[in-house]
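Structural overview
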Amino acid sequence: MTDQFALTEDQIAIQEMARRFTADAITPFAAQWDEDHAFPRETIKAAADLGFAAIYVSEESGGIGLGRLEAALIMEAMAYGCPATSAFISIHNMSAWMIDTFGSDDLKSRYLPGLVTMDQMAGYCLTEPGSGSDAAALKTTAKLEGDHYVVNGTKQFISGGGVNDVYVTMVRTGDNGPKGISCLVIEKDMPGVSFGAPERKLGWNASPTAQVIFDNVRVPVANRVGEEGDGFKFAMAGLDGGRLNIGACSLGGAQRCLDEAITYVKDRSQFGKAIAEFQNTQFQLADMATDLEAARALLYLAAAKVSANAPDKTRFSAMAKKLATDSGSSIVDRALQMFGGYGYLRDYPIERFWRDLRVHRILEGTNEIMRMIIGRDLLK
């Protein structure tokens, strides 16, 4: 009965490789990246050497062609060291997958070789200053002029804004609503592309965030992903996997803080004994571990459904994202409480994870939108 819930030997090997990479290349440096607001470009490129820049890009296109469960295992492992770095790599993977899955052979041949190696980094541009949860109301326009689109508009909260080399961008080529949205690949150096100042954020300090601004940017029609009007559909398909990955980042961060809390309560003494000996501490740890395993089980199931293209994959992806990110934030908060005043200090890693995981309940679709997706699917 347990075999169906066990990871395969290959999946365990992938997980262990990601854990070793994290222990060597991410965990020892993550606190300094956060402190300095430093973008760890070379570390991210080193992840690409292991295939982590193209996890579910097809082998024909140079990727490693794995499924969404394997991707979740990798993201979870890297988030144990730094959720912001893991999430950045997740967004790059989502963008590369969209080009590989929906792009023309010409588009794939021009962009995927650089994205697979992370010689080029990719971002995903959907959100705008006036359209967050109501993504289909986006106003960035792309007017067809001959063999180019002329793009005007602003994208908001873009991870890697100003750092990424290419941006998989949703634009309006037609009428209002989702059917008027198309998808273009826009390069950083195209005339008319500029960036806002880096956002001053609560967390995710190792991952730059900025507006991406398009002012009469001429983009070749050949850079369109799929057909006109298909962009919103592609964007939502990308988010099915993106939500799994951000949920996995919450699992990794929560696991790190649970492990840190277990070590701390064994060492910390109050009232003449280790606080691990108090029943209240044991009950808190029991609840944290149970919540974490429940979220992990649902996320792994949802990942299998997305890989299998199951008809209920979008609902399960939303359920998994909601549960994993809600639980992750709660687990980290409870871990911080166990540390007392020390948990509030930057000398300990808990406060960094508390800051980094908070945004997971907002991005890739807020958890309120996840509830809408789930409820509508149940009632259809």
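Residues numbered from 1 in each chain as written. Predicted model: local features only at pLDDT ≥ 70, side-chain atom pairs only at ≥ 80, totals over all residues. Heavy atoms only, no water.

Proteins that are soluble and globular tend to have nonpolar side chains buried together. Counting residues in each nonpolar core, the largest one holds 97 residues, and the members touching the most others are Met78, Met98, Ile99, Leu115, Tyr124, Met170 and Leu299. Residue contributions to this core peak at 15 residues, all from helix H7 (residues 231-267). When residues no more than four places from it in sequence are discounted, the contact partners of Tyr124 are Ile91, Met94, Ser95, Met98, Ile158, Val168, Met170, Ala235 and Leu239. (Core = buried A, V, L, I, M, F, W, Y, C linked by side-chain atoms within 4.5 Å. Buried < 20%, exposed > 50% of the residue type's maximum accessible area, 1.4 Å probe, protein only. Helix = DSSP H or I, 4+ residues; strand = E, 2+ residues; numbered from the N terminus. Contact = heavy atoms within 4.5 Å.)

Attention shifts here to helix H6 (residues 105-117). Here H6 contains 13 residues, and its C-alpha end-to-end distance of 18 Å stays within 8% of the 18 Å for a straight helix at 1.5 Å per residue. The largest bend in H6 comes to about 40°, at Tyr111, with the proline Pro113 one to four residues further on. Where H6 is concerned, the buried positions are Leu107, Lys108, Tyr111, Leu112, Gly114, Leu115 and Val116. Of the surrounding secondary structure, the elements contacted by the buried residues of H6 are helix H3 (41-49), helix H5 (83-102), strand E1 (122-125), strand E4 (166-172), strand E5 (181-187) and strand E8 (224-225). Positive backbone phi, at 60°, marks Met118, one or two positions downstream of H6. (Expected span 1.5 Å × (residues − 1). Bend = angle between axes of the 7 residues up to and from the residue.)

Under the criterion given, the structure shown has twelve aromatic pairs. Judged by centre distance (6.4 Å) and plane angle (85°), the rings of Phe21 and Phe52 are edge-to-face. Here Phe21 is found in helix H1 (residues 9-26), whereas its partner Phe52 is found in the loop between H3 and helix H4 (68-79), with 31 residues between them in sequence. Through pairs of rings, three or more aromatic residues link up here, namely Tyr56, Trp97, Phe102 and Phe234. The ring centre of Phe278 lies 4.7 Å from the NZ or CZ of Lys273, which sits over that ring. Taking NZ or CZ as reference, Lys305 lies 4.5 Å from the ring centre of Phe316, over its face. (Phe/Tyr/Trp six-rings, centres within 6.5 Å; stacked < 30°, edge-to-face > 60°. Lys NZ or Arg CZ within 6 Å of the ring centre and 35° of its normal.)

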